[in-house]
Amino acid sequence: MRVLVIRHHDIDSAGFIADAFEARGAELSVHLFPDDGPLPALAGVDYVVVLGAVSSVNDPDPWITAELDWLRAADRAGAPVLGICFGAQALCAAFGGRVEAMEHTEIGWRVVESADPELVPPGPWLEFHHDRCLPPPAATVLARNDVAVQAFCIGRHLAVQFHPEVDGPQLKRWLDAHTDSDPATLGIDPDQFLADTISEEPAARERASSLVAAALDISGLISR
């Protein structure tokens, strides 16, 4: 199985999600978009993972429009997608939903209300986002909490608002790069957030593995 990972920042990694695909024998390739140039051709790609971004899907950057078009092309080519955070919002926007800014950033470890815990465990999951999805009518909502839809599927694609891929070192890179890590404005103590993330790593790895199994089941590539 050939899995293509699209990331938008050089400090990002597919982390636990990559580990889960590789544990199932997948061969991963990574493309940094837009820095590495146009999105790759989809020939020979069995599965796509789209990671997060600082940008909003609603920003006017040309690369965002190109990515939405590419996701629709992936759908036509029969390549299922796991969209994470921005990736989930991109799937939402590409297939007829809307994305809107929230009043406050959702950040920290949160338990979600799952419609199907076999597909999407209730967590806790790591959250770090300011926009939320309003999925299209064709989507099936799989999890939510009091501020946002947290997981949904559209056809063979799975979208999750949370970050199942992140371990302590990756969160540390994010916090170091964040323009304002003052707890009063971030809404959380970054040191405690990092400590909680490191403590959560073994369980988070297992939940990421379960999520990849669910994504492959939804895609029809591999049954659970």
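Residues numbered from 1 in each chain as written. Predicted model: local features only at pLDDT ≥ 70, side-chain atom pairs only at ≥ 80, totals over all residues. Heavy atoms only, no water.

Caption draft 1: Structural context of the sheet that holds strand β1 (residues 2-7). Taken in spatial order, the 8 strands line up as β2-β1-β3-β4-β10-β9-β8-β6 in an open sheet, and their pairing is mixed. The sheet is open, and its two borders are formed by β2 (27-32) and β6 (113-114), each paired with just one other strand. The pairing of β6 with strand β8 (residues 140-144) spans 2 bridges and is classified as antiparallel. Within β8, the position partnered with Glu113 by the bridge is Arg144. This element, helix α3 (residues 86-94), spans β3 (47-50), β4 (81-84), β9 (149-154) and β10 (157-160) of the sheet and lies at about 120° to β4. (Pairing = 2+ DSSP bridges. Helix = DSSP H or I, 4+ residues; strand = E, 2+ residues; numbered from the N terminus. Contact = heavy atoms within 4.5 Å. Axes fitted to C-alpha atoms, helices over the stretch in contact; angles between N-to-C directions.)

Caption draft 2: Summary view of the side chain of Arg207. Relative to the helices and strands, Arg207 resides in helix α6 (residues 190-219). Side-chain polar atoms of Arg207 contact the side chain of Glu200, separated by 2.8 Å. Dropping the residues within four chain positions of it, Arg207 is found in contact with Trp109, Gly123, Pro124, Trp125 and Glu200. (Polar contact = N/O pair within 3.5 Å; in protein donor to acceptor, adjacent residues only side chain to side chain.)

Caption draft 3: How the structure looks around the packing of helix α4 (residues 168-177) against α6. α6 packs onto α4 with a crossing angle of 160° between their chain directions and a minimal axis gap of 9 Å. Viewed along their axes, α4 and α6 adopt a mutual orientation that is roughly antiparallel. For the pair α4 and α6, the crossing hand works out as right-handed. For the pair α4 and α6, contact is made by Gly168, Pro169, Leu171, Lys172 and Leu175 and by Pro190, Phe193, Leu194, Thr197, Ile198 and Glu201, respectively. (Parallel < 35°, antiparallel > 145°, perpendicular 65-115°, else oblique. Left-handed = near helix turned anticlockwise from the far one by under 90°.)

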